[in-house]
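A look at the structure
For reference, the chains in residue letters:
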Amino acid sequence: MKQIAVIGAGTMGNGIAHVFAQHGFTVHLIDVSQAALDKALQTISKNLDRQLSKGGITETVKQSTLQNITTFTDLAAGVPAAELVVEAATENVALKLKIFQDLDAHAHPDAILATNTSSISITRIAAATKRPGQVIGMHFMNPVPVMKLVEIINGYATTKKVTDTIVELSKQLEKVPCVVNDYPGFIANRILMPMINEAIYSLYEGVAEVEAIDTVMKLGMAHPMGPLQLADFIGLDVCLSILNVLHDGFGNPKYAPCPLLVNMVTAGYLGIKSGEGFYKYTAGSKELVVSERFKG
């Protein structure tokens, strides 16, 4: 397998394209927006420069990685040659179903169709195609070039051959594949999101302040980042979306999102992407500053 297509040029999509291209795959990066594609190539180049400055790659590897990526704004033109398509579009059910219907029509009949979804049912996505056995979850972690885990999710109809292929492919990317089954939140987010939600409830109920909550988890549980800072990094809107998937999927009140989280998302305080969440973010500054809304 040498020809890959990646759908979506955002944070996850450009990271996935970067990793495949760096490991010698020919990558077609596809997005409806040429501006998003141009920005993705700039981001990949900057991330390669960071790897280069740390001695992780050579200049030759950087150049070959960039040469391995071709951009397209037309899905029908970008996917026919691909042996594997990885969808990394916005976490929206209707959008993903439409993309997979289009992929089914335009991708090679033998191509594997993978989704980078963090919580949406693989079985539901696969049902939008005429090849459900060739549909699988390939959930990379952010930032993709750095994080080793790939959560591989079997849909109800995914064949063993497809699973084995994606496991071996993940190893070729120097990732660590973990195979799980298709239930709400899979494993990563089924465990992570309730922890984040409980941290937000602890703040909401006045048990402790932002810094105290994050410090307890960093120093007491050896987490590299506290749950509130991590929520900001993920995006509070994404956290809310995943909690809603868990709540709807299991019907269990323990997954109900905290009212504080709902209010913050409604008001547009989404974390790093909006400049403020539990912390306030200033371009060019690495200092972690608690939002004024949670001081005192």
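Residues numbered from 1 in each chain as written. Predicted model: local features only at pLDDT ≥ 70, side-chain atom pairs only at ≥ 80, totals over all residues. Heavy atoms only, no water.

**Brief notes about the sheet that holds strand E5 (residues 112-115)**
- With respect to topology, eight strands assemble into an open sheet ordered E3-E2-E1-E4-E5-E6-E7-E8, the strand pairing being mixed. Both edges of this open sheet fall to strand E3 (69-72) and strand E8 (176-181), since each of them pairs with a single strand only. Adjacent strand axes in the sheet meet at a mean angle of 25°, parallel and antiparallel pairs treated alike.
- Looking at chain direction, strand E1 (residues 3-7) and strand E2 (residues 26-30) are connected through five bridges and run parallel. Bridge pairing links Val-6 to Leu-29 in E2.
- Lying on the sheet, helix H1 (residues 11-22) is in contact with E1, E2, E3, strand E4 (84-87) and strand E6 (135-140); it crosses E2 at an angle near 170°.
- Across the sheet, helix H2 (residues 34-53) touches E2 and E3, and the angle it forms with E3 is around 160°. (Pairing = 2+ DSSP bridges. Helix = DSSP H or I, 4+ residues; strand = E, 2+ residues; numbered from the N terminus. Axes fitted to C-alpha atoms, helices over the stretch in contact; angles between N-to-C directions. Contact = heavy atoms within 4.5 Å.)

**Notes on the domain arrangement of the chain**
- Taken as a whole, the chain is organised into domain 1 (3-181) and domain 2 (187-294).
- In this structure, domain 1 and domain 2 have C-alpha centres spaced 27 Å apart.
- Counting residues at the interface gives nine residues for domain 1 and seven residues for domain 2.
- Buried area between domain 1 and domain 2, summed over both chains or domains, comes out near 590 Å², and the portion from carbon and sulfur atoms is 58%.
- Sorting the residues of domain 1 by area buried against domain 2 places Ser-118, Ser-119 and Glu-151 first, and these three jointly supply 53% of that buried surface.
- The interface formed by domain 1 and domain 2 contains zero salt bridges.
- At the boundary of domain 1 and domain 2, one finds three residue pairs in polar contact (both at pLDDT 80 or more).
- Of the residues belonging to the side of domain 1 that touches domain 2, the class tally is three nonpolar, four polar and two charged. (Domains from an automatic or database assignment. Buried area = accessible area lost by both parts, 1.4 Å probe. Salt bridge = Lys/Arg side-chain N within 4 Å of Asp/Glu carboxyl O. Polar contact = N/O pair within 3.5 Å; in protein donor to acceptor, adjacent residues only side chain to side chain. Nonpolar A, V, L, I, M, F, W, Y, C, P; charged D, E, K, R; others polar.)

**Quick word on the UniProt feature "site: Important for catalytic activity" (unreviewed entry) in the chain**
- Mapped onto this numbering, the UniProt entry gives "site: Important for catalytic activity" (unreviewed entry) at His-139.
- Residue position: His-139 is located in strand E6.
- The exposure class of His-139 is buried, given its relative accessible area of 6%.
- Once you skip the residues sitting within four places of it in the chain, His-139 turns out to touch Thr-115, Asn-116, Thr-117, Ser-118, Leu-149, Val-150, Glu-151, Ile-153 and Asn-189.
- In terms of polar contacts, His-139 uses its side chain to reach the side chain of Glu-151, at 2.8 Å. (UniProt positions renumbered as here; feature names shortened; annotations may be inferred. Buried < 20%, exposed > 50% of the residue type's maximum accessible area, 1.4 Å probe, protein only.)

**Concerning the pairing of strand E7 (residues 149-154)**
- Counting buried residues along E7, five of its six residues qualify, which places the element largely inside the surrounding structure.
- Where E6 meets E7, five bridges bridge the pair, whose relative direction is antiparallel. The residue bridging Ile-136 from the neighbouring strand is Asn-154, located in E7.
- Where E7 and E8 come together, six bridges link them in parallel fashion. Paired with Val-150 across the strands is Pro-177, a residue of E8.
- The handedness of the E7 to E8 crossover, carried by helix H7 (residues 160-172), is right-handed. (Right-handed = clockwise from strand over helix to strand, strands pointing away.)

**Some details on unusual backbone geometry**
- Along the chain, Asn-142 connects to Pro-143 via a cis peptide bond; the corresponding omega equals 0°.
- Structurally, Pro-143 is set in the loop between E6 and E7.
- Positive phi, close to 55°, is recorded for Phe-186, a residue that is not glycine.
- Structurally, Phe-186 can be placed in the loop between E8 and helix H8 (188-204).
- Positive phi, normally seen in glycine, also occurs at Ala-222, with a value near 60°.

**Let's talk about the packing of H8 against helix H9 (residues 210-221)**
- For the pair H8 and H9, interaxial distance at closest approach is 9 Å and the crossing angle is 145°. As for how H8 packs across H9, the hand of that crossing is right-handed. Contacts between H8 and H9 pair Met-195, Ala-199, Ser-202 and Leu-203 from the former with Val-210, Ile-213 and Met-217 from the latter.
- Across the contact of H8 with H9, the residue classes tally to six nonpolar, one polar and no charged. (Left-handed = near helix turned anticlockwise from the far one by under 90°.)

**Structural notes on the UniProt feature "domain: 3-hydroxyacyl-CoA dehydrogenase NAD binding" (unreviewed entry) in the chain**
- If you check UniProt for "domain: 3-hydroxyacyl-CoA dehydrogenase NAD binding" (unreviewed entry), the listed places come out as residues 3-182 in our numbering.
- Across residues 3-182, the secondary structure splits into 43% helix and 22% strand, with the terminal C-alpha atoms separated by 27 Å.

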